[in-house]
Amino acid sequence: MRVIIKENSDNVSKWAADYVAYKINHFKPTKGRPFVLGVPTGSSPLGMYAELIKLYKAGKLSFENVVTFNMDEYIGLDSSHPQSYHYFMQENFFKYINIKPQNIHILNGMTKDFAKECSDYERAMRNVGGVHLFIGGVGVDGHIAFNEPFSSLESRTRVKTLTESTIKANSRFFDNDLSKVPTMALTVGVGTIMDAEEVMIIATGKNKATALKHGIEGALSHVWTISALQKHRHGIIVCDRDAASELSKETVEYFMDIEKNNY
């Protein structure tokens, strides 16, 4: 596991965006050989998306031959709902870049057949050759995507009931009204994420510090699904000082030392 510790959230966003751009540009994607990117929603990736848009507008990055798969979507929100993840991705990223609509994949929270929707999503990832880089955030309870505590570390795309803590955390996007927050979602599984060639988790703020401590220094556990990253052959956590504040001094010094040439 690599852990990149930056001074603040702006620096985290810049590093993450530069890394995504490097991976895409180095891959040299074509129509027949696209770069496949797993993408998240929420507050954590917003700065990264803004930086990626800047790189695109500066002519330093193209998404013409990039295929995306989103991590999750609320059940019961259609794509035009302002808090749906379809809407989020369009308004915060996709409408500003040259990605082809047919290359965008987001789970359908309005489907009548959840099992088929989930199996089709897994099949679509396999059919395109798998995800090259899956990006995600982490919840205060250590969940990645909507894989809440006690989710199987081998889980696949499925329906997931959201915990009270996740509903409370997401209520800030619903006028702080808990009754407006969906209680269920479709989500890729931990195993789905870990199938990617590379996984990068973005974490900023002191409220993510406990999750990072368990994910980096704790035992592998389905209680903290972020800990699954410990077993990934190419796992990266990029975080700010606040998110790293509960890590031991020795851990911080170690990663600051070995990553000093990657800043």
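Residues numbered from 1 in each chain as written. Predicted model: local features only at pLDDT ≥ 70, side-chain atom pairs only at ≥ 80, totals over all residues. Heavy atoms only, no water.

Chemist: Where do I start with the overall build of the protein in this structure?
Modeler: In terms of helices and strands, the protein carries eight helices and ten strands. Taken against the 2.2 N^0.38 rule, which gives 18 Å for 263 residues, the C-alpha radius of gyration of the protein at 17 Å falls within 12% of a compact globule. In terms of principal-axis extent, the alpha carbons of the protein reach across some 50 × 45 × 35 Å. Within the protein, buried positions represent 54% of all 263 residues. In the protein, 78% of the contacts between residues at least 6 apart in sequence involve partners at least 24 apart. For the protein, the accessible area works out to roughly 11800 Å², and carbon and sulfur atoms hold 51% of it. For the protein, the distance from the average position of its 30 positive side-chain charges to the average position of its 30 negative side-chain charges is 5 Å. (Helix = DSSP H or I, 4+ residues; strand = E, 2+ residues; numbered from the N terminus. Rg over C-alpha atoms; globule rule 2.2 N^0.38 Å. Buried < 20%, exposed > 50% of the residue type's maximum accessible area, 1.4 Å probe, protein only. Contact = heavy atoms within 4.5 Å. Areas by Shrake-Rupley, 256 points an atom, 1.4 Å probe, with all protein chains shown as cover. Lys, Arg positive; Asp, Glu negative; His and termini not counted. Charge placed at Lys NZ, Arg CZ, Asp CG, Glu CD.)

Chemist: Which parts of the structure should I look at to understand helix α7 (residues 209-217)?
Modeler: For an α-helix, 3.6 residues make a turn, and residues three or four places apart therefore share a direction. For α7, the full list of buried residues reads Ala209, Ala211, Leu212, Gly215 and Ile216. Seen along its axis, α7 keeps its buried residues to an arc of 155 degrees; they face one direction. Here the buried face of α7 lies against β1 (2-6), β9 (198-203), β10 (235-240) and α8 (249-258). (Arc of directions from axis to C-beta.)

Chemist: When you look at the packing of aromatic side chains in this model, what are you seeing that I'm missing?
Modeler: Given two aromatic rings, one states the distance between the centres and the angle between the planes to describe the pair. The final tally for this structure, using the stated rule, is twelve aromatic pairs. For the ring pair tyrosine 85 and phenylalanine 146, a centre distance of 6.4 Å and an interplane angle of 20 degrees mean the geometry is stacked. You can see tyrosine 85 sitting in helix α3 (residues 85-92) and its partner phenylalanine 146 sitting in the loop between β6 (133-136) and β7 (158-161), a full 61 residues away along the chain. For the pair formed by tyrosine 85 and phenylalanine 146, the shared burial category is buried. Seen from the ring of phenylalanine 27, arginine 33 lies directly overhead, with NZ or CZ sitting 3.9 Å from the centre. (Phe/Tyr/Trp six-rings, centres within 6.5 Å; stacked < 30°, edge-to-face > 60°. Lys NZ or Arg CZ within 6 Å of the ring centre and 35° of its normal.)

Chemist: Looking at this structure, how should I read helix α1 (residues 9-27)?
Modeler: Between its first and last C-alpha atoms α1 spans 27 Å; for 19 residues at 1.5 Å apiece the expected length is 27 Å, and the two agree. At the N-terminal end of α1, a side-chain oxygen is found 3.2 Å from the backbone nitrogen of aspartate 10, two or three residues along, and the residue is asparagine 8. Just past α1, the residue lysine 28 takes up positive phi, approximately 55 degrees. (Expected span 1.5 Å × (residues − 1). Polar contact = N/O pair within 3.5 Å; in protein donor to acceptor, adjacent residues only side chain to side chain.)

Chemist: Explanation requested: the pattern of salt bridges in the structure shown.
Modeler: In this structure the tally under the stated criterion is 16 salt bridges. Of the charged contacts, one joins glutamate 51 and lysine 54 as a salt bridge, the two residues approaching to 3.5 Å between their closest N and O atoms. Separated by three residues within a single helix, glutamate 51 and lysine 54 lie in helix α2 (residues 46-57), roughly one turn from each other. In this structure lysine 54 comes out as exposed when scored by relative accessible area, which is 53%. Here lysine 95 makes a salt bridge to glutamate 91, at a shortest N to O gap of 2.9 Å. One salt-bridge network, held together by shared partners, links Lys116, Asp120 and Arg123. (Salt bridge = Lys/Arg side-chain N within 4 Å of Asp/Glu carboxyl O.)

Such coordinate-based values are descriptive only and should not be taken to indicate function.
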